[in-house]
Amino acid sequence: MKLSDEELERYARHIVLAEIGGPGQQKLKRARVLVIGAGGLGAPLLLYLAAAGVGTLGIVDDDTVALSNLQRQVIHDTDAIGTAKVDSAAAAIKRINPHVEVETYALRITPDNAPGLVCGFDIVADGSDNFATRYAAADACAAWRRPLVSAAVGRFDGSVTTLKPYEIGKDDRPNPSYRDLFPAPPPDGMLPTCAEAGILGALPGVIGSIMALEVIKLIAGVGEPLIGRLMLFDGMSMRVETIGYSAG
């Protein structure tokens, strides 16, 4: 895809990067990325992917904007309260970058609908807040051979990993899957919800931005994604730890 003069100026700081350049920016323009969740993690993720020039963004979320969301879900504003999050996010993306196409899906990911959604995109980024959605998305991505960037946050901590279980890793073994990392969900009630435990508003901004960085690296084919590695971020101590995990 040829970049227009306006796009060349818009993405100039990408294009001067030897690792991205014009070819990398064209890859971004061709890419189709599905973002699951337009909340705390999805908000910065969508904003940065739109600003980066990802050609098509799909947004999946079945919720509406509430006043209590605005402390961290920075893609929404006060005027959006009561509207569907997918519509609010789509409007914000269009304000940021009119070159980005947006596809909205006002629904919750399930094992039944996940394959039909995942297969239409190149990469999936999951910022959902429950294990049922995470497992459904991860299983569909593995089946359709789609890279998945998955993240979670709670209170002051966050984690990010990238999954390509359908490929062979550097050790000549299959890359691990989401079920290798989390073989089973925790018992109901073990993990408090965001409403119950609270969350520092800026934390999803940090983790969502790292998700965007992983997605951009995957599209452009640069750097070393977090495949087989789980990045753990402690916002209270500002410590980052990366631990490896492997296929079972």
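Shown above is the structure to which this text applies.
Residues numbered from 1 in each chain as written. Predicted model: local features only at pLDDT ≥ 70, side-chain atom pairs only at ≥ 80, totals over all residues. Heavy atoms only, no water.

(A) Expanded view of the overall build of the protein chain. Counting secondary structure elements, the protein chain contains ten helices and eight strands. Taking 2.2 N^0.38 as the reference for a compact globule, 248 residues should give roughly 18 Å; the C-alpha atoms of the protein chain span a radius of gyration of 17 Å, in line with that estimate. Along the first, second and third principal axes, the C-alpha set of the protein chain runs to 55 × 50 × 40 Å. Counting every position in the protein chain, which comprises 248 residues, the buried fraction comes to 48%. Taking the contacts inside the protein chain whose residues are at least 6 apart along the sequence as the reference set, 64% of them involve residues at least 24 apart. The positive charge centre, built from 23 side chains, and the negative charge centre, built from 29, are 4 Å apart in the protein chain. (Helix = DSSP H or I, 4+ residues; strand = E, 2+ residues; numbered from the N terminus. Rg over C-alpha atoms; globule rule 2.2 N^0.38 Å. Buried < 20%, exposed > 50% of the residue type's maximum accessible area, 1.4 Å probe, protein only. Contact = heavy atoms within 4.5 Å. Lys, Arg positive; Asp, Glu negative; His and termini not counted. Charge placed at Lys NZ, Arg CZ, Asp CG, Glu CD.)

(B) Main features of the pairing of strand β8 (residues 239-244). Counting buried positions over the six residues of β8 gives zero, only a small fraction of the element. Relative to β8, strand β7 (residues 229-234) runs antiparallel, the two being bridged by six bridges. By the bridge assignment for β8, M231 is matched with T242. With antiparallel pairing between neighbouring strands as the criterion, β7 and β8 make up a hairpin whose turn holds four residues, including M238 at a positive phi of roughly 55 degrees. (Pairing = 2+ DSSP bridges.)

(C) How the structure looks around the side chain of H76. Within the element layout of this structure, H76 appears in the loop between β2 (56-60) and α5 (85-96). Classification of H76 as buried rests on a relative accessible area of 7%. For H76, the side chain forms a polar contact with the main-chain oxygen of A38, separated by 2.8 Å. If near-sequence neighbours (up to four positions away) are discounted, H76 is found in contact with A38, V65, L70, K85, S88 and A89. (Polar contact = N/O pair within 3.5 Å; in protein donor to acceptor, adjacent residues only side chain to side chain.)

(D) Region of the structure containing the nonpolar core. Within the largest apolar cluster, 39 residues are counted, with the highest numbers of intra-cluster contacts made by V33, L46, L49 and L57. Ranked by residue count, the leading element in this core is helix α10 (residues 203-220), at eight residues. Among all residues touching L46, those that are not within four sequence positions of it are V35, A38, L57, I59, I75, A89 and I93. Within the second largest apolar cluster, 22 residues are counted, among which are I36, V60, A140 and C141. (Core = buried A, V, L, I, M, F, W, Y, C linked by side-chain atoms within 4.5 Å.)

(E) Representation of the sheet that holds strand β4 (residues 123-126). Reading across from one edge, β3-β2-β1-β4-β5-β6-β7-β8 is the order of the eight strands in this open sheet, with mixed pairing throughout. Pairing within the sheet leaves two strands with one partner each, and these edge strands are β3 (101-105) and β8. Neighbour-to-neighbour, the strand axes of this sheet turn through a mean angle of 15 degrees, independent of strand direction. Direction of pairing for strand β1 (residues 32-36) relative to β2: parallel, over a ladder of five bridges. (Axes fitted to C-alpha atoms, helices over the stretch in contact; angles between N-to-C directions.)

(F) The arrangement of the side chain of S128 in detail. Note that S128 resides in the loop between β4 and α7 (131-144). A polar contact of 2.7 Å, which involves the side chain of S128, links it to the side chain of D126. S128 has contacts with I36, T133, R134 and A151, leaving out every residue within four places of it along the chain.

(G) Summary view of the packing of aromatic side chains. Following the criterion strictly, the structure yields five aromatic pairs and no others. Plain terms: the ring middles of Y105 and F121 are 6.4 Å apart, the flat faces sit at 80 degrees to each other, and that makes the pair edge-to-face. Pair noted here: Y105 is in strand β3 and F121 is in the loop between α6 (114-118) and β4, with a separation of 16 residues, a long-range link. Ring plane angle 80 degrees and centroid distance 5.4 Å describe the contact between Y135 and Y178, whose orientation is recorded as edge-to-face. (Phe/Tyr/Trp six-rings, centres within 6.5 Å; stacked < 30°, edge-to-face > 60°.)

(H) Seen up close, helix α4 (residues 42-52). Among the eleven residues that make up α4, nine are buried, leaving the element largely enclosed by the rest of the structure. Along α4, the residues that are buried comprise G42, A43, P44, L45, L46, L47, L49, A50 and A52. G53, located one to two residues past α4, shows a positive phi value of around 95 degrees.

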